[in-house]
Each structure stands twice: as C-alpha cells, then as structure tokens.
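Overview (structure and organization)
Chain residues, written in single-letter form:
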Amino acid sequence: MTSGTPNWDRQQVEQVIDSLKDKPGALLPILHGIQDVQGYIPADALPMIAEATKQTRAEVHGVISFYHHFRQTPPGSHTLQICRAEACQARGARTLETYAKARLGIDYHQTTADREISLEPVYCLGNCACGPSVRVDDKVLGAVTPARFDTLVEELTCTPLEVK
Amino acid sequence: MAIKVFVPRDTTALAMGAEAVVTSILAEANARDTEVELVRNGSRGLFWLEPMVEIETPSGRVAYGPVTVDDVESLFDADFLQGEQDHPLALGVPEEIPYLARQQRLTFARAGVIDPVSLDDYLTHDGFKGLEKALQASSQTLVDEVKTSGLRGRGGAAFPTGIKWQTVLDCDAEQKYIVCNADEGDSGTFADRMVMEADPYMLIEGMIIAGLAVGADQGYIYLRSEYPVAHQILNEAITNAYDQSYLGDDIRGSGKRFHLEVRLGAEAYICGEETSLLESLEGKRGMVRAKPPLPAIVGLFGKPTVVNNVLSLAAIPYILANGGQAYADYGMGRSRGTLPFQLAGNIKQGGLVELAFGITLRELVESFGNGTWSERPMRAIQVGGPLGAYLPESQWDTPLDYEEFSAIGAVLGHGGVVVFDDTVDMGEQARFAMEFCVAESCGKCTPCRIGAVRGVEVIDRIRSGERPEANAELLNDLCETMIDGSLCAMGGMTPIPVQSVVQHFPDDLIRAADTAGEK
Ligand SMILES: Cc1cc2nc3c(=O)[nH]c(=O)nc-3n(C[C@H](O)[C@H](O)[C@H](O)COP(=O)(O)O)c2cc1C
Ligand code: SF4
Ligand code: FES
C-alpha cells in the first residue's frame, strides 16, 4: 500500500449501511458495522453514511471523532489495547505500558512499521481483579507482565503466512 | 453417563486461560476414553480462583481452581471427575468456600451456577417468577412494589428507582422507552458485566417488568464496546428469549409486548452519564444535556424514558418474586437491599462480594480481600470509580452506606473498591484523575474541559517543586471552580479524588517537590 486512499470495499460498506440505516439512531450501529468489516471508517464512505442517516458530513465526522473507538486510518493486523485505569495501575499497568511502548517502538495511536500491531489505550476492560489487562482484537488477557507481553507479541507476529 | 464439567465463559476466567483449559480437558478426556459434558457457566466471582472448574457429582458440585493447562493431567490422575478432593487445587463444595458462604446473594444467586444462555436452567432456578406475577398485575402495583423495596439506582447517583418509574408511568405518551445503562465505565467495577455474562435472562426479565410497569414496549441495552463477551452472551440470550416468546409482540400469550435490542457504545466514559448515553443512542456525539427536562419526561427521541443501571434492573425480578419488603429487609438506614461490592486492584482475593449495606470498608478488604496481592501493606483505597475519593486507613472503618460515605466526602458509586499498596505514588494518582477528565470530558462546559487541562499542568508544577504552595492554592481554586461550574458530575466530581489526595496524602505531592528541589 502506497500513499493515497487505501483500498476499501465500497460494496461491502454499502451493504452494511443498507442493512442498518432504518434503525432508529442508526449512526453508531453503521459506524460499528463498517469498522468491523473494514477495520476503520474510510473517508470516502462519509458521504454515503451522511446521506443514509440524513446528517451532514460534518456531523458524521463529529461523531466519528468524538468516540475513541472509531478510527479513520487502517489499523495493523492486530489492535492491542492496554488498560490504563486505576485498578490495573495498582497492579503494575504503568510499568507494562512503558515496557510495551519500548518493545514495540511505538506510542499510543501508532502502528508498528511491519503493520502487525496498532497500540491503543483503553480505560477498563472489566477485568479489574486480575490486571494488568490487555485486549487483543476481541480477547481480553489478565495478569500481563512484561514477560507475558513478550510472549503475546511473538505469538501475534509469528503467525504462519497465509497461502493464497 | 457423561460427567458434567463446568468451565466459565466469563471475561476474567477467559483472560486467565479458561479456553486453553477447556481444550486440554476435552483432549485428556478423549485420551482416557471418558465422556464429559462441558457446560460454559458464568463466574461465581471468586476471581483469584479463575479459571475455576466444577464437576457435578451425585452428591453435588465440587470445585477446583485456579486451574491451568499444566494442572489438567494431574487433576484427571486424582480422579477429579469423580469429585475426589486429594489435589492441591481442590476447593470442595463451592457454596461452602467462606468468601461465598458469607455473602448475601440476592442478585447474584445464580451467577456461576447456571449456563447463562440456557432458558431451562434459568427456569429451574426461579427464573421468570417475577415476570409471571408482573403479567397479572397493574402497572401501579408494580411501581408500588419497587417503591416498597427502597431500591436506589445502582449506577452511582442512588436515586430511588420507584420514584423514577412513577414519573415515567405518569407521563401520557404513545411511545416510552426502557434504557439499560450497561456502560460500566468505572475502573474497578465488573458487576454489570457479571450479570450479563452469568445471568442475562435476569436483566431481560427486569427490563420486561420495567416496560410493563411504565407502559414501554421498547428497550435498549447500551453496552460498552469494551465488553465483547457480554455482547455475545446477551445477543444469544435475547435470541432465545424471542424464540420462546418472552420477548416480542405477545409475551407468553399475555397479549403484552416488549422488544429489546443491544446497542454498542464506542469507548467514551461520558456516555455512562444518562443524557450523554441518550444522545449516543440517537446517533450523535455524547454531549451531556442540561437537566431539566429529566430523561424520565423527555428522554430517548424526546419520549419518556426509564434509564436504569444493569444492577438496578437486575434487582427487579427478585423484588417482584419475593415482594419489595423482602428486599427492604436487608440494609441499613436509607440504603436498602444489597450492593454487589467489587474488590479490585492490588488485592489477594479480588472478586464480587454481594452484601447488605453496612459492613465497614476494612472488614470488606481484610476479611474478604485477605490483604494485598503484592503482600505489601495497604495504603489507599479508591471507592466508587475514577470520580471517587482515595481513602486513607483512618477512614476504613466507615460503614459502606450512601449517607455514611457522603458524610466523609466520599462516594459509594457503583460499588468498585480499588486497593493500592504502599508503593503507590498518590501524587501520580491525583494527576491521573485530572488526566482522565481531559481524555473523557464531553467538552460542553469550560470548567471541565479547560479546568482539567489546567489541573494536570498545576499538579505537574507542584510535583516538580515549582512554587508548591502557590500552586497548591491554585489547584484548590481550580477544584472549586470545577465543582461549582460543571454541568455534570464528570467535571463536578473529578476534584473528589484530587482533593482526597491533597487532604490525606499531602506528603506524596510535597515529597515529590522536595526531591525535585534538591537537584
Ligand atoms: C460521568 C458519569 C458517568 C456515569 N457512568 C455510568 C455508568 O457507567 N453506568 C451507570 O449505570 N450509570 C452511570 N452514571 C450515572 C447515570 O448518569 C445515571 O444516574 C444512571 O444510569 C441511572 O440509573 P440508576 O438510577 O439505575 O442508577 C454516570 C454518571 C456520570 C456523571
Ligand atoms: S462537566 Fe465535563 S463531561 Fe459534564 S457536561 Fe461539562 S464538559 Fe461535559
Ligand atoms: S481497570 Fe483495568 S480492567 Fe478494569
């Protein structure tokens, strides 16, 4: 992928919008639906979303930027969230956070150069009795020490190549 | 006959390796030609023992935990499938584990016992008894029962649920809504999550009853997107409830209707505030609305709306099945019933402890929590989430009761109890409170939006030894401005943790200053 608009599947996005646009208050379900299949909300999808929800493009943009969950650039193969909230702090989340950034060589809201991992902060995953907590895609992990973090990163980056 | 083996599908159990344990148990059973029937229950909330595996024996269930993949072979060798207890991980009868035996479980009676998505399990464990009664009763009778129970909202504000319902019932409108607040944003809380993952039909039942009570036929569960497991389980349960006509146009042949849908949030703490939540449900930015009008009168899409926390709604089936008085018989003063406390952070035995109001904080963290996880001395306890005070040891003998806590400038909130050991830098915690407000403010009012940014700066200056006294005064003024001038409790309560640090742990702010000053 070079510069310019990354690939996105217009048809897939249209399908998502069509299937959800008649719900009352459809905008969040639509944004979730698009991000679930595309990984992010492509800029070129904004006019389509605006039209379907009868909102202005500026309004849709305002909604996307209000919520931490929605992103407007493609993520890496995996999204890795580190819990920054108090109960995890009490069990070493600050150390983990510093370690993770150094290990991956990136800060929050960035993606590793090999595009494997996007690092994001999160405030509580409901695993507060067994922190520090980390979420990788849809899996939550508990008691994540720096050593466990290393193992995790190795597992994530050593997935066998897909044969097409 | 296949032996029933229970391994929770709860978030924490999974986070501690439950899925790998399942794979390993199935493989081992297969290798030994033993038939097992796997049940994916919820958690009982004894989180330091997760994954906790249970076996159904002819004389009842027995538990083992925390089980790792490496323990599975030895558990089989020790005949755990027959309930044999000669193994280091054997815990005996789960209900007899003191942590559980000493609780008063009304809302969480079924948690971890049943398969969360099995309607049969729910029915054989007293499920839908409240609904059965509710379908026969008038709306006013239902609201009166909730008033009798003394139930106050468990989301944080502790407003009497019966009075809120009365307001919505008294509104004359074609369309009304029931909205369940499942945004559970407070750090150190997981009780809502446990309800949804361990006993979702109880929440569904509570919402249907709420609908019957106020005349609403549409419900939404606004669920935070940080809870993917709860999302999955809720959707399975709702599908089953529709299939068996507990939801839909004709609830169990009564001719009454109630529809229910889960809507996902998108990582915004402020969307737990009820008006911000309603904006979000309507497809907008989660900007807080000015009150009045109350959501009960002008709520979702401008219609009268009950917004209740998961735990408030989950208490309803018990109240209807057993009578409001049975619930009110628990508790102290104006805090009636039970509160599920959540022990979190640096604690040895973290988990869910449902008790009547009135136990002291010290009793809770010492006798249930059993000290810190790091085995160092406890230093501070934050109760009630990120907007709650940090309590020093001198305040730990305060009974857990709404009024007792407000008397010391603290809050119970949603019942989260986060323990810190003596390595904590309380100055850093004060800074984080402001930092969190910067990240999560909706931005509508200046004292909160700008105040929190200034708060971080001022605390940084104090901590780096820059005119600590003058800046401490500035911090105090800033806190007062936020308290007086904020539209909602986000800006209005962020000063609570900050001021509790200033008041009770001043050395942490000053000590940092001293060290920096020596350089
Ligand atoms: C910043 C902020 C965050 C809140 N977060 C939640 C939450 O996550 N869950 C919740 O039930 N209530 C939350 N509340 C309280 C709600 O505004 C509201 O009082 C509650 O949902 C009403 O339900 P209840 O009466 O059953 O407690 C929050 C309030 C504020 C000011
Ligand atoms: S206090 Fe903060 S979160 Fe609440 S309305 Fe004002 S800006 Fe928004
Ligand atoms: S504080 Fe980290 S999971 Fe709740």
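Being a predicted model, the structure only gives us computed values, none of them experimental.

**Quick look at the packing of aromatic side chains**
Residue and element names in this part refer to chain B. Applying the stated criterion to the full structure yields 20 aromatic pairs over all chains. Seen in terms of ring centroids, F128 and Y246 are 3.9 Å apart; in terms of plane orientation they differ by 10°. Their pairing is stacked. Here the residue F128 occupies a position in the loop between helix 5 (119-124) and helix 6 (129-136), and Y246 occupies one in the loop between helix 11 (228-243) and strand 8 (259-264), the gap between them amounting to 118 residues. The exposure class assigned to F128 is buried, which follows from its relative accessible area of 3%.

**Remarks on the side chain of R71 of chain A**
Residue and element names in this part refer to chain A. With respect to the element layout, R71 can be found in the loop between helix 4 (57-66) and strand 1 (78-83). A residue is classified by how much of its surface remains accessible, and R71, at 15% relative accessible area, is buried. Within the structure, R71 has its side chain in polar contact with the backbone oxygen of T73 (distance 2.9 Å). Once you skip the residues sitting within four places of it in the chain, R71 turns out to touch Q35, G39, Y40, I41, T111, S118 and E120.

**Let's talk about the interface of chain A and chain B**
Each partner contributes residues to the interface: chain A has 40 residues there, and chain B has 60 residues. It is F66, E86 and R91 of chain A that lose the most area in chain A upon contact with chain B, and together they represent 17% of the buried surface on that side. For K23 of chain A, the salt bridge is made with E261 of chain B, and the minimal N-O distance between the two is 2.8 Å. Counting the contacts that link chain A with chain B gives 28 residue pairs in polar contact (both at pLDDT 80 or more).

**Remarks on the sheet that holds strand 1 (residues 3-6) of chain B**
Sheet strands line up and pair through hydrogen bonds in the backbone, either parallel or antiparallel. Residues and elements named next belong to chain B. In space, the five strands of this open sheet follow the order 2-1-3-4-5, with mixed pairing throughout. Here the strands that pair on one side only, and so sit at the sheet edges, are strand 2 (36-39) and strand 5 (90-92). Across this sheet, the average inter-strand angle for adjacent strands is 30°, counted without regard to direction. Two elements, strand 4 (residues 60-64) and strand 5, share two bridges in a ladder whose sense is antiparallel. The residue bridging A63 from the neighbouring strand is G92, located in strand 5.

**Notes on unusual backbone geometry**
Geometrically, the link from G131 of chain A to P132 of chain A is a cis peptide bond, its omega value of -5° lying close to zero. Geometrically, the link from E50 of chain B to P51 of chain B is a cis peptide bond, its omega value of -5° lying close to zero. Structurally, the position occupied by P51 of chain B is in the loop between strand 2 and strand 3 (53-57). With phi around 60°, R115 of chain A is a residue other than glycine that occupies positive phi space. Tracing the chain through its elements places R115 of chain A in the loop between strand 2 (110-111) and strand 3 (117-122). By relative accessible area, R115 of chain A is classed as partly exposed at 38%. In this structure, C124 of chain A takes a positive phi of about 80° despite not being glycine. Here C124 of chain A lies in the loop between strand 3 and strand 4 (134-136).

Parameters at a glance
- Residues numbered from 1 in each chain as written.
- Chains lettered and ligands numbered in written order.
- Predicted model: local features only at pLDDT ≥ 70, side-chain atom pairs only at ≥ 80, totals over all residues.
- Heavy atoms only, no water.
- Phe/Tyr/Trp six-rings, centres within 6.5 Å; stacked < 30°, edge-to-face > 60°.
- Helix = DSSP H or I, 4+ residues; strand = E, 2+ residues; numbered from the N terminus.
- Buried < 20%, exposed > 50% of the residue type's maximum accessible area, 1.4 Å probe, protein only.
- Polar contact = N/O pair within 3.5 Å; in protein donor to acceptor, adjacent residues only side chain to side chain.
- Contact = heavy atoms within 4.5 Å.
- Buried area = accessible area lost by both parts, 1.4 Å probe.
- Salt bridge = Lys/Arg side-chain N within 4 Å of Asp/Glu carboxyl O.
- Pairing = 2+ DSSP bridges.
- Axes fitted to C-alpha atoms, helices over the stretch in contact; angles between N-to-C directions.

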